[in-house]
Amino acid sequence: MALEQLSDVVQKCQALPGDGYSSEDHDVFTTAGRTCIEEGNSPQVLSIVLDEKNQNLIRSLGWNLLPPLIQVLLEKEDKNLPQCLAIFNHLMETCRPKELLIGLLEQLEHDDPDGIADRLHLLLSPLQKVLLSLGSRKASSLGMTLSSVLDQLAKLPVPGTKEQEEDDVFSLCRCCAELMEFVRPFVLEARQSGRTQGGSCKTPGGDNEDELQTELLKFCMKTLTQPLLEVQLRDPDTLPLSPLRAFASEILDIVSAIGESLPALVFLPLLKRKQVPGFLEEEVRYPKSSLASLAHLVFVHHLAADTFPSVFSPVFCLRGNLEHVSLLLSRTEDLGLQKGLELYEKSLVCVDNNSLPADLLEIKTFLTVPQDLIKVMTLCPTDVLRTKGLKVFQLSIDKFDTEAKYRFFQYLLRTSNHSGVEGYVIKNIKNQIDSALQPGKENAWFQGTHLMPLLRRVFSLPDGPETDLLQYMDRVLESLNLLRYLVIRDKVTENQTGIWTELYKIEDTFMKPLRVGLNMSRAHYERELQETREGKKKAKDGSVLSVSVGDEKLPRMTADSQIQALHSALHTFDVIESVLVRVEELTEAKDGV
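Residues numbered from 1 in each chain as written. Predicted model: local features only at pLDDT ≥ 70, side-chain atom pairs only at ≥ 80, totals over all residues. Heavy atoms only, no water.

A word on the packing of helix 8 (residues 113-132) against helix 9 (residues 139-153)
Their axes nearest at 11 Å, the elements helix 8 and helix 9 cross at an angle of 175 degrees. Relative to helix 9, the element helix 8 lies roughly antiparallel. For the pair helix 8 and helix 9, contact is made by Ile 116, Leu 120, Leu 124, Leu 127 and Leu 131 and by Ser 141, Leu 142, Thr 145, Val 149, Gln 152 and Leu 153, respectively. Of the residues that constitute the contact of helix 8 with helix 9, the class distribution is eight nonpolar, three polar and no charged. (Axes fitted to C-alpha atoms, helices over the stretch in contact; angles between N-to-C directions. Helix = DSSP H or I, 4+ residues; strand = E, 2+ residues; numbered from the N terminus. Parallel < 35°, antiparallel > 145°, perpendicular 65-115°, else oblique. Contact = heavy atoms within 4.5 Å. Nonpolar A, V, L, I, M, F, W, Y, C, P; charged D, E, K, R; others polar.)

Take a look at the structure:
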């Protein structure tokens, strides 16, 4: 039936002049032709397609036969595979390029990850051939094609281990390699056109060559974000032949080939760029996530590092990378956080210790990036990243000079709102004071009059005697340890830190309120412990109790668990009190001297 319909419409169309086919002719040819191929009548369809009298018809309508043909070519098991391949090749030679492009791109779309790689493998070469046949009119079509290909590539899982990349279990590596083969002739054309124009792709007016370079730039920027920002590249020592590393390297080569300066892109936040005439505003042309990925590839994996002139100082590189670090640390997935930590660490290690001046803290990112880092240290559920975050945080502190450290500590104590972070900062303050007290290492910031404002902020309780000592345990203990160190290390007769001049104020504003707070907290928790024990005796074994501490209810748990939690709180108060008592003894002893 379908074969008869196809033969009838073909015979009818042979008598029509030019392309004067009706919509009915189009529909009958499409439906009947596709059905014939699906029903195994490909040899008869091939005969019709090759008939010289039908070439005008095939040129106009033949591309509609692509869906069933491509399905047969993908399955590779049909007995009529040779005939279907012959039909496909003839359509590629005969049909109009723009219609072929539409038909091929429609067949590229696929939701099943298992089929995406095979479709890309089959269709990239025909797509390349069609695009090259478009001549100077190819730029927008190339952009549409590359966008579709990357959308499909994004559906493939990324390898999470070295073995998965080596075995290419998700076919991502093969697809990336084939994509590079696909795009190579267009890059060559763009490179040649750039040479013709004097090496620049930013010529005002936007001719066809500029459009081609623009589409390739959009492709590279999108690729830097996905998949390259979502994959963990392996170093050569780990994986000598890494397909994904090679893919990343080729993307950077393309960026350079189309006339873009890699250093200028990485340091875009610092360099004032001229307005680029043409198709895209700067933030669209150079997405921030793509530039962050580029910076990570250059500074962490050292790709295209030879394109960076040595004139850039480590401090300049650090400044240029801070916005990229901030963007990466603001991501939610572990890999994004890891890349942010790696880029920040690599940017810091090249900077000399104690060299960054305090005026750099007037630059916003020198304060916002540590805040991003603190979020990783305190909120990230992954222990490895929290540990790495703390290491990089300390590294960033080490790079500041003494005045910068002083002002940085002030800022953190004022803004962090996290007891653990504040405790860590106070420990760093103690280390800086200890260094300043060493012979020959005196400095004005961690001794004498400058030190006092910092110590006043350290020796304070956020809510006076009513401060939640469990919540602020880390800060309180580190403050007491610092005070204990000062009264032992700094002699009353020397008073290098000024602690003995300020001690009576510290006693009034810190030690006495802390003592009151400890007594109140202990009494409250002891009462809760007694009530919980009594409640346990009255309740059946294993019953779930609800206990309030202050105005808040502890999570519902068994009586034994509640008792354990209350004992833990009381132990914390004992630890704080033991240090407080020691400090009180030391201050009384020194006062008596």
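Once you've had a look at it, read on.
Observations regarding the environment of Gln 213
Along the chain, the position of Gln 213 falls in helix 12 (residues 208-225). On the basis of relative accessibility, which here comes to 2%, the residue Gln 213 falls in the buried class. Once the C-alpha coordinates of Gln 213 and Ser 193 are considered, the two residues, 20 residues apart in sequence, prove to be 9.1 Å apart. For Gln 213, the side chain forms a polar contact with the main-chain oxygen of Ala 190, separated by 3.2 Å. (Buried < 20%, exposed > 50% of the residue type's maximum accessible area, 1.4 Å probe, protein only. Polar contact = N/O pair within 3.5 Å; in protein donor to acceptor, adjacent residues only side chain to side chain.)

Thoughts on the nonpolar core
Residues Leu 179, Phe 182, Phe 219, Ile 433, Phe 459, Leu 482 and Leu 514 are the most contacted members of the largest nonpolar core, which totals 184 residues. Those residues in contact with Leu 179 that lie beyond four places of it in its chain are Leu 124, Leu 146, Val 149, Leu 150, Leu 153, Phe 219 and Phe 247. (Core = buried A, V, L, I, M, F, W, Y, C linked by side-chain atoms within 4.5 Å.)

Some remarks on the environment of Leu 318
The topology assignment puts Leu 318 in helix 17 (residues 314-329). Leu 318 gets classed as buried once you look at its relative accessible area, which sits at 1%. When the C-alpha positions of Leu 318 and Lys 346 are compared, they lie 8.8 Å apart, and in sequence the two are 28 residues distant. In this view, Leu 318 contacts Tyr 344, Ser 347, Leu 348, Val 351, Leu 356 and Phe 366; residues no more than four positions away in its chain are not counted.

Some words on helix 2 (residues 23-38)
Taking 1.5 Å per residue, 16 residues should reach 22 Å; helix 2 reaches 22 Å between its end C-alpha atoms and fits that length. Elements in contact with the buried residues of helix 2: helix 1 (2-14), helix 3 (42-50), helix 4 (55-61), helix 5 (66-75) and helix 6 (81-94). Downstream of helix 2 by one or two residues, Gly 40 has phi in the positive range, about 90 degrees. (Expected span 1.5 Å × (residues − 1).)

As for the pattern of salt bridges
Throughout the structure, instances matching the rule amount to 24 salt bridges. Between Lys 388 and Glu 345 there is a salt bridge whose closest N-O contact spans 2.5 Å. Taken together, the residues Lys 388 in helix 20 (residues 383-399) and Glu 345 in helix 18 (residues 334-349) connect sequence positions 43 residues apart. A salt bridge links Arg 522 to Glu 577, with the nearest nitrogen and oxygen atoms 2.9 Å apart. Taken together, the residues span a long stretch of sequence, with Arg 522 in helix 25 (residues 499-538) and Glu 577 in helix 26 (residues 559-591) at a distance of 55 residues. (Salt bridge = Lys/Arg side-chain N within 4 Å of Asp/Glu carboxyl O.)

Quick look at the packing of aromatic side chains
Enumeration according to the criterion identifies 15 aromatic pairs in this entry. A ring pair is formed by Phe 267 and Phe 312, whose centres lie 5.0 Å apart and whose planes are at 70 degrees; its orientation type is edge-to-face. You can see Phe 267 sitting in the loop between helix 14 (262-266) and helix 15 (282-285) and its partner Phe 312 sitting in the loop between helix 16 (288-299) and helix 17, a full 45 residues away along the chain. Ring centres 5.2 Å apart and planes at 10 degrees place the aromatic pair Phe 312 and Phe 316 in the stacked group. Owing to a relative accessible area of 22%, Phe 316 belongs among the partly exposed residues under this scheme. One aromatic cluster in this structure is built from Phe 267, Phe 299, Phe 308, Phe 312 and Phe 316. One cation-aromatic arrangement involves Lys 430 over Tyr 485; the distance from NZ or CZ to the ring centre is 5.0 Å. (Phe/Tyr/Trp six-rings, centres within 6.5 Å; stacked < 30°, edge-to-face > 60°. Lys NZ or Arg CZ within 6 Å of the ring centre and 35° of its normal.)

As far as function goes, none of this settles anything; it's purely spatial.
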